[in-house]
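Summary of structural features
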Amino acid sequence: MSPNQQLKREAKFQLRGHWPQALTVTAVYLTATLFFAVLQEGLLVLTGVIPLKAALGEIQIAQLPHPPLTFIINSVVTVFRLVLLAPLVLGIVKWFFRRAQGEEISVSVLFEYYSSGEQFVRALAFLAHGLVRVLAWGCVSFLPGGLCLAAAAYQRRSFAHYEAAGVLEPLGLVLLGLGFLLFIPMMLRLFLAPFLFVEDSSLSAGMCFRLSAQKMRFFRGHLFSLICSFLGWLVLCLFSFPLLYV
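The rules we used
Residues numbered from 1 in each chain as written. Predicted model: local features only at pLDDT ≥ 70, side-chain atom pairs only at ≥ 80, totals over all residues. Heavy atoms only, no water. Helix = DSSP H or I, 4+ residues; strand = E, 2+ residues; numbered from the N terminus. Expected span 1.5 Å × (residues − 1). Bend = angle between axes of the 7 residues up to and from the residue. pLDDT = per-residue confidence, 0-100. Phe/Tyr/Trp six-rings, centres within 6.5 Å; stacked < 30°, edge-to-face > 60°. Lys NZ or Arg CZ within 6 Å of the ring centre and 35° of its normal. Axes fitted to C-alpha atoms, helices over the stretch in contact; angles between N-to-C directions. Parallel < 35°, antiparallel > 145°, perpendicular 65-115°, else oblique. Left-handed = near helix turned anticlockwise from the far one by under 90°. Contact = heavy atoms within 4.5 Å. Nonpolar A, V, L, I, M, F, W, Y, C, P; charged D, E, K, R; others polar. Core = buried A, V, L, I, M, F, W, Y, C linked by side-chain atoms within 4.5 Å. Buried < 20%, exposed > 50% of the residue type's maximum accessible area, 1.4 Å probe, protein only. Salt bridge = Lys/Arg side-chain N within 4 Å of Asp/Glu carboxyl O.

Remarks on the environment of Gly179
Along the chain, Gly179 turns up in helix α6 (residues 162–188). Residues Gly179 and Pro144, spaced 35 residues apart in sequence, show a C-alpha to C-alpha distance of 8.5 Å.

Notes on helix α4 (residues 67–100)
Over its 34 residues, α4 extends 46 Å from the first C-alpha to the last, a length consistent with the 50 Å expected when each residue adds 1.5 Å. Leu85 marks where α4 bends most, by close to 40°; the proline Pro87 follows one to four residues later.

Structural notes on the confidence of the model for the chain
Residues with a pLDDT of 70 or more make up 88% of the chain, whose mean pLDDT is 87. By mean pLDDT, the top-scoring element of the chain is helix α7 (residues 193–199) (96), and the lowest-scoring one is helix α3 (residues 52–55) (65).

Regarding the packing of aromatic side chains
Evaluation of the coordinates by the stated rule reveals 11 aromatic pairs. With 5.0 Å between their ring centres and 90° between their planes, Trp95 and Phe96 make a pair best called edge-to-face. Taken together, the ring pairs connect Tyr113, Phe126, Phe197 and Phe209 into an aromatic cluster. Over the face of the ring belonging to Phe197 we find Arg122, whose NZ or CZ atom lies 4.1 Å from the ring centre.

Comments concerning the packing of helix α5 (residues 117–155) against helix α8 (residues 205–215)
Remark: α5 packs on α8, axes separated minimally by 8 Å, with the N-to-C direction vectors making an angle of 45°. Taken as axis vectors, α5 and α8 run oblique relative to one another. Here the hand of the crossing between α5 and α8 comes out right-handed. Contacts between α5 and α8 involve Ala125, Phe126, His129, Gly130 and Arg133 from the first element and Ala205, Gly206, Phe209 and Arg210 from the second. Taken together, the residues of the contact of α5 with α8 sort by class into 4 nonpolar, 3 polar and 2 charged.

Some details on the nonpolar core
One finds Val25, Leu88, Trp95 and Leu110 to be the most contacted residues of the largest nonpolar core, which totals 18 residues. Elements with a contribution of two residues or more to this core: α2 (19–46) and α4. Here this core takes 6 residues from α4, the largest share from any one element. Ignoring any residue separated from it by four or fewer positions in sequence, one finds Leu110 in contact with Val25, Val28, Pro87, Leu88, Gly91, Ile92 and Trp95.

Some points on the pattern of salt bridges
All chains considered together, the criterion is met by 4 salt bridges. Between Arg98 and Glu199 there is a salt bridge; the shortest N-O distance is 3.4 Å. Taken together, the residues Arg98 in helix α4 and Glu199 in helix α7 connect sequence positions 101 residues apart. Given the relative accessible area of 18%, Arg98 is considered buried. Residue classification places Glu199 among the partly exposed residues on the basis of a relative accessible area of 37%. Residue Glu104 pairs with Arg99 through a salt bridge whose shortest N-O separation is 3.7 Å. Among the charged side chains, a network of salt bridges with common partners joins Arg98, Glu103 and Glu199.

Rendered as structure tokens:
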């Protein structure tokens, strides 16, 4: 039996008799996510960006009018979603992590990081540290390729510079491919950060990310293999019911 199969077998064993709680935890997250999706579309309807009939699926529109207003609404809702759901996600991580260790833990732990201002601020600090790292590595990984493709698209508008676009476009695609090869390992280094954060309240958010990078140094390949082993289930969830992913 491979290590991935052993991990999955242990996960099923720990969930035995606790499926109602696991489904409840997953349903809470899906409900919160659905709420913000409905809120976003509702604001677009109320501000007149999209017609009500388009929101209900009765008619189709080629593109959204008022791009600045659309961008503002989407950005505001995204910020609120990140801020308000970060504590919930950490609570979910804590429940599954403790359950994986065989502990009997209440579903109420999902809301632990809403229980006080200090806990809420800790959750936001973790979110901020994570976003900074993701955005920084994202810029390093994808900005060169993105700039090349943007320059190629701009050059194609002018027939005089069409040949330059033919060079920049493949170069941009190559740089984006190399960017993915850099970005994925850098993100895998951060995998343990949320588990360290919910397990030891004495650790700061920054320390959790630094410890995760150290501890994952020789295990990123194993983690990537484990993630890939779930791709079949992930694809199934896209075409059936997301709760299957529990």
